[in-house]
Amino acid sequence: MADLATLVERCRRGDDLAWEAFVRRFQARIYGLAFHYLRDSEEARDVAQEIFIQIYRKLDSFRENENPVPWILRVGRNLCIDRLRRLKARPPAVDIPADEASELTASDPSPEAAAETEVQRRLVYRALDGMSDKNREMILLKEIQGLKLDEIATLLKEPLGTIKSRSNRARIELATRVRALDPSYGA
Amino acid sequence: MDCRSFLDRLEALLDETLGGDARRAAEEHLRECADCRQLVELARSEPDGTAVEPPDNLAGSILERTSGPACETARDRLCDYVDGSLSEIDAELVRLHLDGCEPCEGLASTLVSLAGELPTMAEIEPDSAFANDVLARTVPLRRRFARRLETLTAIRELWPRVVRRPRFALEGAYVGTLVLVLIFGPNLPLAGVPEKAIDMIRARPLIESSEARDRIARMENRVVSGARDIWDTTGGEVAAGSRRVATDLAQRYERTDETRSDLGRRAGELVDAVRDADPGAAATALQKIGSDLGTLWERLASNESEERDNPVRR
């Protein structure tokens, strides 16, 4: 598969096939990002489409030497925050509905393993729901989406030291909440 | 030797480094003192595995009475410990804490599990129609994008042809001459600049040799008088010509009032299009600007009096 920088460059030159490949390659990640922010599959689907349209419009502003993933996530995060503000509500602190939780399962080798993964993920989602917005976003950006601390500092316009300590606090808080829900988790 | 003196020498006796009179005195004391003999026997005996275990939570009790529990400090370093980014000594200290602290050890295990679990949550597959929906919604954008690319390519191809055509050099020479006349022409602020420059040089003699200075002064006088002669014979014509050119330019400039106003409006449209990230509107504005520039140039270059005299040519 073409490397990401080449794919983005081809998109910038108006290559329709490259754009289609880009959409198919990033649809799960963008949808996942929107879902984690909005916690509603319909809203997430709608915002994910908006994110792709915005990315297409902003292709010219992408700098060649830049890593595309933080740029993509920055565009995505801004749109999710805008939508959240419009909805005037924070992500609902409720359990993931069963039909939506089924979307979250990975391609596990056996039904038992899939069921266990689903249970674990629902547990993590419940723990995330109880966290503050800032700490939950830290977990989303660093632990789930895999951004580096300096990339998050740039994205959130905060000093690197603040981001690092907030990241550690968020991880400890999440682990504490997960253990409170299931003391055997990770044992 | 008394017991106190014996105890002072006990370590050396056990290490067999005590020698001479001191050793003999110590051995004599051992024979006489049962307590010290028992102490030496105990010290020389091998551990038999039945050592007394400390009471439960002895370390915890000691910490409570001294520095307090170290859990908070350990948790500050726990993420870095799990990530393997702690220094060797810090990692060892955290590991020792975890060995004796069940809650912190459990937290560390949870952090390790989460570090494996969370990245797998980044991707959530949307429904199968999602990609096609996105592609369908970006079709109009892609068309506009393609049109913009075509426009930019056309401009890139057109520009070298414009620059290379013979008339461009003539136009450049015409504009350059006008600029020179407007800067150094008679009755203009910069008209006397060359003479003033010579005066300044004369006021600051750089060469001390009087002969060289006189020679330069003579050369200056010849240059100035020659330039004055030339100006006296041709200056009037040049001044009249430049006035005619200036009048002609002013008339041509007035004729472009309407086009300049159009150009200003188009520039506003282009700025709006760029701000709205609308490539289609930007391309349209660029095309209109190109067309207006053509009209502007035609009005600047055309001679109305000629056109009035010979309308068929137009």
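Residues numbered from 1 in each chain as written. Chains lettered and ligands numbered in written order. Predicted model: local features only at pLDDT ≥ 70, side-chain atom pairs only at ≥ 80, totals over all residues. Heavy atoms only, no water.

As for unusual backbone geometry
In plain terms, the rule: Helix and strand definitions here come from DSSP, where helices need a minimum of 4 consecutive H or I residues and strands a minimum of 2 consecutive E residues; each element is numbered from the N-terminal end.
Notably, Arg39(A) is not glycine yet its phi reads approximately 55°, a positive angle. Examined against the element boundaries, Arg39(A) turns out to sit in the loop between helix H2 (16-38) and helix H3 (41-57). In this structure, Glu16(B) takes a positive phi of about 60° despite not being glycine.

Some words on the nonpolar core
Keep this limit in mind: Take the buried Ala, Val, Leu, Ile, Met, Phe, Trp, Tyr and Cys residues and link them wherever side-chain atoms come within 4.5 Å; each set so joined is a nonpolar core. Exposure classes here rest on a 1.4 Å probe applied to the protein chains alone. A residue is buried below 20% of its type maximum, exposed above 50%, and partly exposed in between. It only takes one pair of heavy atoms within 4.5 Å for two residues to be counted as in contact.
One finds Trp19(A), Phe22(A), Phe52(A), Ile55(A) and Leu174(A) to be the most contacted residues of the largest nonpolar core, which totals 77 residues. At twelve residues, the largest contribution of residues to this core is made by H2(A). Excluding residues that lie within four positions of it along the chain, Phe22(A) makes contacts with Leu4(A), Leu7(A), Val8(A), Cys11(A), Phe52(A), Ile55(A) and Ile72(A). Counting residues in hydrophobic clusters, the runner-up holds nine residues, among them Leu10(B), Leu30(B), Cys33(B) and Val40(B).

Details of the layout of surface pockets
Left-over empty space is what a probe sized like a water molecule reveals as it rolls over the atoms. Residue and element names in this part refer to chain B. What counts is decided by this rule: Two kinds of site are reported from a 1 Å grid over the protein atoms alone, namely cavities, where a 1.4 Å probe fits but cannot get out, and pockets, open sets with protein on both sides within 12 Å along at least five of seven lines, and residues are called lining when an atom falls within 4 Å of a point. Grid points are joined across faces, edges and corners, and a volume is the space filled by probe spheres set on the points. Note that Gly is not counted as nonpolar here; it falls among the polar residues with everything else outside the nonpolar set of Ala, Val, Leu, Ile, Met, Phe, Trp, Tyr, Cys and Pro and the charged set of Asp, Glu, Lys and Arg.
When its volume is computed, the largest pocket comes out at roughly 660 Å³. Forming the walls of the largest pocket are 17 residues, and the residues nearest its centre are Leu158, Trp159, Val162, Gly290 and Leu293. Every element with two or more residues in the lining of the largest pocket is listed here: helix H9 (139-164), helix H10 (166-184) and helix H14 (279-301). Among the elements that make up the lining of the largest pocket, the one with the highest residue count is H14 (eight residues). Considering only residue class, the lining of the largest pocket consists of eleven nonpolar, four polar and two charged. Within this model, the second largest pocket holds a volume of roughly 450 Å³. Lining the second largest pocket are 17 residues; nearest its centre among them are Phe184, Ala191, Pro194, Glu195 and Trp231. Every element with two or more residues in the lining of the second largest pocket is listed here: H10, helix H11 (193-203) and helix H12 (210-255).

Observations regarding empty space enclosed by the protein
Overall, the coordinates contain two cavities of 30 Å³ or more when judged by the stated rule. Estimates place the volume of the largest cavity at around 50 Å³. The wall of the largest cavity is formed by Ile139(A), Glu143(A), Arg171(A), Leu174(A), Leu111(B), Leu114(B), Ala115(B) and Leu118(B). Elements supplying a minimum of two residues to the lining of the largest cavity: helix H7 (133-144) and helix H9 (160-181) of chain A together with helix H7 (102-117) of chain B. Considering every element that reaches the lining of the largest cavity, the biggest residue donor is H7(B), with three residues. Residue composition of the lining of the largest cavity, grouped by class: six nonpolar, no polar and two charged. One number sums up the size of the second largest cavity: a volume of about 40 Å³. What lines the second largest cavity is His36(A), Arg39(A), Leu128(A), Arg136(A), Leu140(A) and Ile144(A). When the residues that make up the lining of the second largest cavity are grouped by side-chain class, the tally is three nonpolar, one polar and two charged.

Digging into the state of the cysteines
Note the following rule: Cysteine sulfurs are considered disulfide-paired once they come within 2.5 Å of each other.
Applying the stated criterion across every chain, the model contains zero disulfides over all chains. With no disulfide of its own, Cys33(B) lies closest to Cys36(B) among cysteine sulfurs, the gap being 3.5 Å.

Topic: the pattern of salt bridges
Let me state the cut-off plainly: The working definition used for a salt bridge is a side-chain nitrogen of Lys or Arg within 4 Å of a carboxyl oxygen of Asp or Glu.
Summed over the entire model, instances satisfying the criterion amount to 29 salt bridges over all chains. Arg12(A) serves as the salt-bridge partner of Glu9(A), at 3.5 Å between the closest nitrogen and oxygen. Of the two residues, Glu9(A) and Arg12(A) are both situated in helix H1 (residues 4-12); the distance of three residues between them amounts to about one turn of the helix. Through salt bridges with shared partners, a single network forms among Lys142(A), Glu143(A), Arg171(A) and Asp83(B).

As far as function goes, none of this settles anything; it's purely spatial.
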